[in-house]
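Inside the fold
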Amino acid sequence: MSTKHKTGNKKKLRRQARAEAFAKGTTLAHAAPAKASDDDKSEPIRFCMMAKPIGPACNLRCEYCFYLEKEALLDRGDHRMNDEILEAYVREYIKSQPGNQPVAFHWQGGEPTLIGLDFYHKAIELQRRYAKGRRFTNTIQTNGTLLDDEWGRFLAKGNWMVGLSLDGPKEIHDKYRLDVHGNGSFDDVMRGLNILTKYKVEFNAMTCVTPASTAQPLAVYDFLKQAGAKFVQFMPIVERLPDDAAKELGLQLAVGIRSGEAVPSVHMTPWSVEPEAYGEFLCSVFDEWVRHDVGSFNVMNFEWALANYMGRPAGVCQFMPVCGRSPIIEYNGDVYACDHYVYPEYRLGNVLTDDLQEMMQSEKQCAFGQAKLDALPEHCRQCPVGPACWGECPKRRFLTTPDGQSGLNYLCAGYKRFFEHASPQLQIIAQLVQAGHPAARIMDSEILLIPRDTH
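The present account deals with the structure reproduced in this document. (Residues numbered from 1 in each chain as written. Predicted model: local features only at pLDDT ≥ 70, side-chain atom pairs only at ≥ 80, totals over all residues. Heavy atoms only, no water.)

With respect to the packing of aromatic side chains
- On inspection of all chains with the given rule, the structure shows 32 aromatic pairs.
- Measuring from centroid to centroid gives 6.3 Å for F105 and W107, while their planes differ by 10°, and the two rings are stacked. Just as F105 is buried, W107 falls in that class too.
- Ring centres of F302 and F418 lie 5.6 Å apart, and the angle between their planes is 25°; this geometry places the pair in the stacked category. Remark: F418 occurs in helix α16 (residues 412-434) and F302 occurs in helix α11 (residues 300-309); sequence separation between them is 116 residues. (Phe/Tyr/Trp six-rings, centres within 6.5 Å; stacked < 30°, edge-to-face > 60°. Buried < 20%, exposed > 50% of the residue type's maximum accessible area, 1.4 Å probe, protein only. Helix = DSSP H or I, 4+ residues; strand = E, 2+ residues; numbered from the N terminus.)

A few points about the nonpolar core
- W107 and L155 are the most contacted members of the largest nonpolar core, which totals 120 residues.
- Ranked by the residues each element gives to this core, the list is headed by α16, at 9 residues.
- Counting 10 residues, the second-largest nonpolar core is a separate cluster that includes L251, C323, Y346 and F368. (Core = buried A, V, L, I, M, F, W, Y, C linked by side-chain atoms within 4.5 Å.)

So, the side chain of Q127
- When you line up the elements, Q127 lands in helix α3 (residues 117-131).
- Here N138 takes part through its side chain, which lies 3.0 Å from a polar atom of the side chain of Q127.
- Excluding residues within four positions of it along the chain, Q127 makes contact with V90, I94, F105, W107, F136 and N138. (Polar contact = N/O pair within 3.5 Å; in protein donor to acceptor, adjacent residues only side chain to side chain. Contact = heavy atoms within 4.5 Å.)

Quick word on the sheet that holds strand β4 (residues 161-165)
- With mixed pairing, the 10 strands of this open sheet are ordered in space as β7-β6-β5-β4-β3-β2-β1-β8-β9-β10. One side of each edge strand has no neighbouring strand; the edge strands of this open sheet are β7 (298-299) and β10 (347-350).
- Bridge count for strand β9 (residues 334-336) against β10 is 3 bridges, and the pairing is antiparallel. The partner of D334 across the bridge, within β10, is N350. (Pairing = 2+ DSSP bridges.)

A look at the pattern of salt bridges
- Applying the stated criterion across every chain, the model contains 20 salt bridges.
- Across the pair R258 and E345 runs a salt bridge whose closest N-O atoms are separated by 3.1 Å. With R258 in the loop between α9 (244-249) and α10 (275-292) and E345 in the loop between β9 and β10, this residue pair connects regions lying 87 residues apart in the sequence.
- Classification of R258 as partly exposed rests on a relative accessible area of 47%.
- The residue D334 makes a salt bridge to R347 at a minimum N-O spacing of 3.1 Å. A residue pair is termed long-range when its members are at least 10 positions apart, and D334 in strand β9 and R347 in strand β10 qualify at 13 residues.
- R347 sits in the partly exposed class, given a relative accessible area of 35%. (Salt bridge = Lys/Arg side-chain N within 4 Å of Asp/Glu carboxyl O.)

Structural notes on α10
- Over its 18 residues, α10 extends 26 Å from the first C-alpha to the last, a length consistent with the 26 Å expected when each residue adds 1.5 Å.
- The element α10 is extensively covered by neighbouring structure, given that 13 of its 18 residues are classed as buried. (Expected span 1.5 Å × (residues − 1).)

So, the pairing of strand β5 (residues 203-209)
- Counting buried residues in β5 gives 6 out of 7 residues, a clear majority hidden from the surface.
- Inspection of the sheet shows β4 paired to β5 by 4 bridges, in the parallel sense. Looking at β5, one finds that L164 is bridged to A205.
- Pairing analysis gives 6 bridges linking β5 to strand β6 (residues 231-236), with the strands arranged parallel. Among the inter-strand pairings, M206 is bridged to a residue of β6, identified as Q233.

Keep in mind that these numbers describe shape and distance, not what the molecule does.
See the structure below:
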């Protein structure tokens, strides 16, 4: 038997094992971190922390933003991370990361550029001091409206990766991404994009998918390519109108539910994407990508799907069996289980008083991460595309399955449509990669399974 054939059999067996484990409710190599016992401290785990140096403060008022309202949960006053907390965060985060891999710092908001460049100059000085020769990287997620030449030079010099919030052409972007006066932000964002291009700063597009987007999938896709993005992530907007728990906290959107929690009634915001429409959006974009852009334009949604199909970790918590390794740290040093769960009950501690590894391996955080799998409905476990989806994000699991079980993801119909549609092409790409060929060979006419028609 050839080595190639043996490798193919191993991959096939691995996929079968994952599917069986999925149905049984186990996770093979993707298990949640075990809690340290009193007698035997667990080995350190890797986790990816997101920092909110200015809390929810932002110069825009995007209608669909789930984070602006969190100001109601924070102390009044200035929400800028002070020097003491910044130093503690940098020091403790570097110390908490095992191994010799680069330490990845991720700065988010609100709008993180509002805190000013001096803050990030201090952050880099501290990173150099505490890394002691170890490599580190920085990324920042920004709406781009405040970028100027000084920012461009700074980002380029430090090889920062920039995530730019850009939803597509002007009429789509400006539907929901508004400034404080209710005007569209597209022109200001494009000025920021031009700064990044001028200084050759690498950036990716964080593209929210709304009802405005799903009506024109190829217009969105083509625009992002022409804008110069090399990576794009499509993020579906899914938010419910406030429930009783949200009203008690003074919030305008429903709180994130516990995994498996029953939701008696569901009322969606008008900017939430329809599940079937989101599935069709992904299918249309996938067909265009697989015909023309594999290897030259990276759609992260498809990269994650391919990784799961090949039995590798997806690289993003939504499509992993368990979660709990993507905490956030607020401007005041408070650490929360997840960016989508910044609510009092999910607070883990504070970087000034608590150890990051102990927070991440705490019983509370381990239970939070493991519940993603444990509460997965039987309907999902029997789904043929289940191991590609893993039930997606627990925050969106507020529907009921056909047999009446709680915990079905709101986007289930869309994901099922997409994964069934993309599966034959993903299978070919997986076989090409496993055989040592570039994934771009999928675009060869003798391999491609779908018509090469262009729009």
